[in-house]
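Here's the letter readout for the chains.
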Amino acid sequence: MSFANRVNSIKRRLSKYTRASLVEHLMKRLHLPESSFGDHPSLPWLSCMMLELVLEVDEDPDARVADSQKLTVILNDLWNLQNEAIRFDPDKTMMLTMRPFLIQQLRFQSAQVTHLYFLARMQLLLLEYNKSPKPIRAFERATGIPFEDFVTLSLFFAFAFSDMLAIKQTKITYEYILSKLYPSYSLETLVKFLTLVGNELDTLGKNIKLKRVDSGPPRSDDYFTESLFFGTPLLLLPSGVSTTHSYIACIGLSEFILRTLKDCDDDGNSFRKPFSHAFERYISDLFITSGLAVVQEDSLKKQYNDEIKNSKVVDYFYSSDGKNLFVDAKSVEPKQTVLSTQNPRVIKERLRDHLIGALTQARECANALNQSKYDHLVSTENRYILVISHQDFFVGSGQRLRDLLGKDYGSSIDDAVGNEFKLENVFYIAIAEFEGVIQLLQEGQVTIFEFLDYCKNRNTKEPLFNMRQYVSEFGQELQLDNPSPIGSDRVKKSFDSTFRELEAAWEHNSAYWRELGAVDSVVAVNEFTYVYNSFRKALSESEQ
């Protein structure tokens, strides 16, 4: 039976039960810490996939109520469908085969503060390092909400749900939301925000159906594609706001600004280009604050001979201890196909213009410096490449990328670095992990080459899956109190600043209602009731 037929078989079985009963059991599963059904541990991404299918199918006229045992049977069958999705192939490496599964797992295992800092970093980059008004204008035009208000509201809900499993809070009542956020934020702003990041289950079901129609029959790669709930992380219930899972809420809210700006960036001018410049300025600042005296792109290009002055150049060059580091900043994020596919051709095509292109850039730069007799250029075996992306592509190293591309396409990596670099000296890292590396260098009093050499030596034994693991292991080797630091000082300050604004709003709004009640409790109750009813009416009308 084909993958599509097996998925459709599961859908038919789901249609025999009432949607309400299936949703109830799945939400209980998703909201319980370390929950399990039968012998299988909780896999949030699997339950989210099942929930999407439940919302997509129409229940039969004679549908009956499902119990947890029946749901578990179907959930196990969905889990076993991975055997069809993974598709073990002797011609492909085990890493290429298992990579989509591991990425899906890691999505729900990283520290929640990583996602909260992602939001803080976006704010920092767009407000302090970005020199163009276009991204903020584009976002506010698309949402109708002032940018900084959106960030603060996102933090409110992301922070509230980030620890929901531990404190067993699965819903925030509308009364609580109004008591904490109104009147600092108008009812219009609150309604706009919630309808942008949230929806009712029935509406989500309709949207899922439409997307399924557009995407065609189920494909094996779909099994490892991120949940659609990340795009709509909050659930609007009759009595309050909930979410399918704490990670869905935290990641979805933290990335909503990025997703929105990418969606409205038709020509690259309103977001991608100015964001790229901001990203490069931020990385430059990280180098400066860490004491790494890098040579910037413009200064480096001045070292080229006139006849090769148009050759490509990297963003930063660093030389120390008889070694060179060629750094290229790529303010890009992986498309879902790059993360979910097991097809090396797809990976090659999707990475050609940035992750692979960065290697070509470094090769041409090294060649130009060599031709120009640049004093600080060292021998090939002592040259390193570090490509810093905005989000993780889960590639890690040049050798790993070559292995993923296999015998048919791996040669493109060899061609990219040419004779200017050794492949084992090529590394890829996301900005969040690079911030961690910078912290380790400062606290451990080590050089960036010591970290890269550690990664290289580790790869000769047993390669780790992602760069966060290398950062953590290296930090442990240094015996640091915090072996896996998250966030730069600037990111932490950005987060703290927004959180203080949020706390100030809480205090102001609490004082507003408290003082109103102190003057006349009846007036206060009537006022709150009026505000609540107005809010619920506006929210209901906006959902239609």
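The residue numbers shown here count from 1 along each chain, following its written sequence. Per-residue local features are limited, in this predicted model, to residues with pLDDT of at least 70; the limit for side-chain atom pairs, both in listing and counting, is 80 or more; totals at the level of whole chains, interfaces and linings are taken over all residues. With hydrogens and water excluded, all non-hydrogen atoms of the structure serve as input to the side-chain values.

Student: Tell me what's going on with the confidence of the model for the protein chain, and back it up with residues and numbers.
Tutor: What pLDDT expresses is the predictor's confidence in each residue, scored from 0 to 100. On average, residues of the protein chain carry a pLDDT of 93, and 97% of them reach 70 or more. By definition in these notes, contact holds between two residues if any of their heavy atoms fall within 4.5 Å. A low-confidence stretch, residues 35–39 (pLDDT under 50), is modelled with 12 contacts involving residues beyond four sequence positions or located in other chains.

Student: Any chance you could break down empty space enclosed by the protein for me, citing the residues and the numbers?
Tutor: Residues are said to line a cavity or pocket when one of their atoms sits within 4 Å of a point; the points come from a 1 Å grid over protein atoms alone, cavities being sets where a 1.4 Å probe fits but cannot get out and pockets being open sets with protein on both sides within 12 Å along at least five of seven lines. Grid points are joined across faces, edges and corners, and a volume is the space filled by probe spheres set on the points. For the coordinates displayed, the defined rule picks out 4 cavities of 30 Å³ or more. Space inside the second largest cavity adds up to approximately 50 Å³. If you go around the second largest cavity, the residues you meet are Leu 355, Val 387, Ser 389, Asp 392, Phe 393, Phe 394, Val 395, Gly 396, Tyr 428, Ile 429 and Ala 430. Note on conventions: DSSP H or I runs of at least 4 residues are helices, E runs of at least 2 residues are strands, and numbering of each starts at the N terminus. Residue assignment for the lining of the second largest cavity shows that the elements contributing at least two residues are strand 10 (383–389) and strand 11 (426–430). If you tally residues by element for the lining of the second largest cavity, the top one is strand 11, at 3 residues.

Student: Would you mind going over the pairing of strand 9 (residues 323–330) in detail, with residue names and values included?
Tutor: Any residue under 20% of the maximum accessible area for its type is buried, any over 50% is exposed, and the rest in between are partly exposed; the area is computed with a 1.4 Å probe on protein chains only. The buried fraction of strand 9 amounts to 8 of the 8 residues, a majority that puts the element mostly inside the structure. In strand 9, alternate side chains face the same way, and those of Lys 323, Leu 325, Val 327 and Ala 329 on one face and Asn 324, Phe 326, Asp 328 and Lys 330 on the other are all buried. Relative to strand 9, strand 8 (residues 316–320) runs antiparallel, the two sharing 5 bridges. Counterpart to Tyr 318 in the pairing with strand 9 is Leu 325. Hairpin connection from strand 8 to strand 9: 2 residues lie between these consecutive antiparallel strands, with Asp 321 at a positive phi of about 55°. Any two strands with at least two DSSP-identified bridges between them are counted as paired. In this structure, strand 9 lies alongside strand 10, joined through 7 bridges in parallel fashion. Bridge pairing in strand 10 links Leu 325 to Tyr 384.

Student: Explain the pairing of strand 8 to me, using residue names and the numbers behind them.
Tutor: Buried residues dominate strand 8, accounting for 4 of its 5 residues. Sheet topology note: the strand 7 (residues 295–296)/strand 8 ladder contains 2 bridges and is antiparallel. Paired with Val 295 across the bridge in strand 8 is Phe 317.

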